[in-house]
Amino acid sequence: MDCSDERIIDLIKTAGRKAEHQSVKCLLKCEGQANALLIKQGLHDAEERRSVFYHAIVAFIVNVRRGRFALTGKAKICTYLTETTRRQWLKRYAQENKPQAENSLPDAHRSTDSREALQIKLRAALEELNATDKDIIVAFYFYGEDLKAYAERRQIAYATAKKRISRARERLKEILKPTQQ
Amino acid sequence: MKPSIETLAMIRDYARGELNEQEMARVEDLLAKQPELQEEVLLAQLLSEETEAMEKQRLLQVIQEADGEAVGATPGVPSNKIVPLWKQPWFRLAAASVLLLLAFGLFWYIGDTPSADRFASFREEAYVAPPVSDAMRSGVSSVDWLSDANQYLQTNQYEQCLSAVESIPPSDSLYLYALLLKGHSHYKMQQYERAIGAFEELLEQPADEPLYFSPNADHIRWSRLLAALAKWEADKTPENRQVIERLLVAFLEQADRTDRYYEEAQQLQRLLN
């Protein structure tokens, strides 16, 4: 399997599960390098190391798809991924050791109750969408992908992409309506 | 009035705090003029957060699966591996096969024959030109030959296309793309048996062969299916029909469910039923 840096980036950007799966398999080959650094940082729990590494891969894929990673020809992907893993670990470590004071106030989150209710409803609504509608909503709202680029990547007409996102949004709004009133 | 895609994209970026001062001022001006768009800001914020959680969870599962294939069970991330029976690939395949067989059985029993025109127009709409642009950016030695061959195909000069692809040797990294164009040329020349042969030769190549740039597998399988459909249209024997059934079931099982080909295959299934 070709796991050159260029190929990994291509695979991550290519539509389809097979390409995504292949890119992940390539990225998993960087685990040894990332592990060595985490052990150096004092993380000796193998399960946690793996979990941190997985989250680093997620962060890397998201960065590539959002256009926030560019191959410079100098840094190798494994080096970048190892650094991302280290940052993930530091972030997790900081969160785990954060003081819990604000959570002791029982009314602290009351003002966000209706928003949370909306969020729960939206989560359920997203789950109800079919695969194609979900795919375009994720591409547009999470990856911030331009609809024309999406249509090109998915090999569909721009008009179809427009229709698809409009249909998906209508469905979501329909499900959310009673809560919003 | 429904907001345009451009407005939605701007509101999305605004909700995510990704705009510069000038762009932010423009959106705020728009929101002041059209207060109903406030609803879109909230929706964009919520969708950004929810799709992030959903997509990250999905990616974690993909990673876990890929890692599981490589090194066995992995304990790193909490597992959601209990898959309902109806989501099992073998169950779907079996159900699809039974449904197809029932549908085809009924079809033959009634003795009805769908009009050839419907299939021909379906094929015309469902035909996808070979996606060679990526290969032409990546390949080295025979990129000009491939470019010429593709040009011939696009301009309906199929014999010339075949001659051009013959110039690309099996040792070339673009050889698989040459085979793809060969299959498409034969298809366009209504030489369906030869087209199927070329597509099958392509599919016989080992996956992820490092020597070659590989065309999209769904594209190849879909092109083969269209060629088989055309062959059946020309000669409606039960054997040819069985080939389509078999290829369609296999296609629906293997294809990426989010791409265009899968949608087309579902449509073909409905048409055949």
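Residues numbered from 1 in each chain as written. Chains lettered and ligands numbered in written order. Predicted model: local features only at pLDDT ≥ 70, side-chain atom pairs only at ≥ 80, totals over all residues. Heavy atoms only, no water.

This paragraph deals with the overall build of chain A. A count of helical and extended segments in chain A gives 9 helices and 0 strands. Starting at the N terminus, the α and β elements of chain A follow one another as α-α-α-α-α-α-α-α-α. Every one of the 181 residues in chain A was classed for burial, and the buried ones make up 43%. A separation threshold of at least 6 residues defines the contact pool for chain A, and within that pool the share at least 24 residues apart is 65%. For chain A, the accessible surface area stands at approximately 9900 Å², while carbon and sulfur atoms represent 51% of it. (Helix = DSSP H or I, 4+ residues; strand = E, 2+ residues; numbered from the N terminus. Buried < 20%, exposed > 50% of the residue type's maximum accessible area, 1.4 Å probe, protein only. Contact = heavy atoms within 4.5 Å. Areas by Shrake-Rupley, 256 points an atom, 1.4 Å probe, with all protein chains shown as cover.)

Assigned secondary structure in chain B consists of 13 helices and 0 strands. Out of the 273 residues in chain B, the part that is buried amounts to 45%. Long-range pairs, those at least 24 residues apart, make up 62% of the contacts in chain B between residues at least 6 apart in sequence. When the accessible area of chain B is evaluated, it comes to approximately 14400 Å², of which 52% is carbon and sulfur surface.

All names here are of chain B. Under the criterion given, the structure shown has 1 cavity of 30 Å³ or more. Here the largest cavity is characterised by a volume of approximately 30 Å³. If you list the elements that add at least two residues to the lining of the largest cavity, you get helix H11 (217-234) and helix H12 (238-254). Top contributing element to the lining of the largest cavity by residue count: H11, with 3 residues. (1 Å grid on protein atoms, 1.4 Å probe; cavity = no way out; pocket = protein on both sides within 12 Å on 5 of 7 lines; lining within 4 Å. Points joined across faces, edges and corners; volume = space filled by probe spheres on them.)

With that settled, the discussion passes to the interface of chain B and chain A. The interface is formed by 48 residues belonging to chain B together with 57 residues belonging to chain A. Between Glu39(B) and Lys173(A) there is a salt bridge; the shortest N-O distance is 3.9 Å. Of all elements in the fold, only helix H1 (5-15), helix H3 (38-71) and helix H13 (260-272) of chain B reach the threshold of two or more residues within the side of chain B that touches chain A. Among the elements that take part in the side of chain B that touches chain A, H3(B) stands out by supplying 26 residues, more than any other. (Salt bridge = Lys/Arg side-chain N within 4 Å of Asp/Glu carboxyl O.)

The next subject is the pattern of salt bridges. One pass over the full model with this rule turns up 31 salt bridges over all chains. Between Asp133(A) and Arg167(A) there is a salt bridge, with its nearest N and O atoms 2.6 Å apart. With a gap of 34 residues between them, Asp133(A) in helix H7 (residues 131-142) and Arg167(A) in helix H9 (residues 158-180) connect regions that are remote in the sequence. Glu40(B) is the partner of Arg169(A) in a salt bridge, and the nearest nitrogen-oxygen pair spans 2.8 Å. Linking Arg169(A) in helix H9 with Glu40(B) in helix H3, this pair reaches from one chain into another. For the pair Arg169(A) and Glu40(B), a shared accessibility class is recorded, and that class is buried. Taken together, the shared-partner salt bridges in this structure form one network comprising Glu20(A), Arg65(A), Glu55(B) and Arg58(B).

Here we come to the state of the cysteines. Disulfide: a covalent bond connecting the sulfur atoms of a pair of cysteines. Residue and element names in this part refer to chain A. Summed over the entire model, instances satisfying the criterion amount to 2 disulfides over all chains. At a sulfur-sulfur separation of 2.0 Å, the disulfide partner of Cys3 is Cys26. Disulfide Cys3-Cys26: torsion about the S-S bond near -75°, hence left-handed. Here Cys3, found in the segment before helix H1 (5-13), pairs with Cys26, found in helix H2 (residues 17-28); they are 23 residues apart in sequence, far enough to count as distant. By relative accessible area, Cys3 is classed as partly exposed at 24%. With a relative accessible area of 2%, Cys26 lands in the buried category. For Cys30, the disulfide goes to Cys78, at an S-S distance of 1.9 Å. Where Cys30 bonds to Cys78 through sulfur, the torsion about that S-S bond is close to -80°, and the disulfide is left-handed. Note that Cys30 is positioned in the loop between H2 and helix H3 (31-40) and Cys78 in helix H5 (residues 77-96), a separation of 48 residues in sequence. Classification of Cys78 by relative accessible area gives partly exposed; the value is 21%. Disulfide connectivity for chain A, with bonded cysteines indexed by sequence position, reads 1-2, 3-4. (Disulfide = S-S within 2.5 Å.)

By size, the foremost hydrophobic cluster in this structure holds 63 residues, and its most contacted members are Leu27(A), Phe60(A) and Ile137(A). If one sorts the elements of this core by residue count, H3(B) sits on top with 11 residues. Those residues in contact with Ile137(A), other than ones at most four positions away along the chain, are Leu126(A), Leu129(A), Phe142(A), Ile165(A), Ala168(A), Arg169(A), Leu172(A), Leu47(B) and Thr51(B). Within the second largest apolar cluster, 52 residues are counted, among which are Ala227(B), Leu248(B), Leu252(B) and Leu268(B). (Core = buried A, V, L, I, M, F, W, Y, C linked by side-chain atoms within 4.5 Å.)

Evaluated as defined, the whole model comprises 11 aromatic pairs over all chains. Through pairs of rings, three or more aromatic residues link up here, namely Phe60(A), Phe69(A) and Tyr80(A). The ring of Phe140(A) carries the charged tip of Arg12(B) above its face, separated from the ring centre by 4.4 Å. The positively charged end of Lys236(B) is found above the aromatic ring belonging to Trp232(B), 4.9 Å away from the centroid. (Phe/Tyr/Trp six-rings, centres within 6.5 Å; stacked < 30°, edge-to-face > 60°. Lys NZ or Arg CZ within 6 Å of the ring centre and 35° of its normal.)

With 17 residues, H12(B) should cover 24 Å at 1.5 Å per step; its first-to-last C-alpha distance of 24 Å lies within 8% of that length. Those residues of H12(B) that fall on the buried side of the exposure criterion are Asn240(B), Arg241(B), Ile244(B), Glu245(B), Leu247(B), Leu248(B), Val249(B), Phe251(B) and Leu252(B). (Expected span 1.5 Å × (residues − 1).)

Looking at chain B as a whole, its pLDDT mean stands at 81, while 83% of the residues score no less than 70. Note that pLDDT drops below 50 for residues 71-82 of chain B; the model gives that stretch 21 contacts with residues more than four away or on any other chain. (pLDDT = per-residue confidence, 0-100.)

Attention now goes to the environment of Ser214(B). All names here are of chain B. Examined against the element boundaries, Ser214 turns out to sit in the loop between helix H10 (192-204) and H11. Separated by 38 residues in the primary sequence, Ser214 and Leu176 place their C-alpha atoms 6.2 Å from one another. Beyond its immediate sequence surroundings of up to four residues, Ser214 is in contact with Leu176 and Tyr177.

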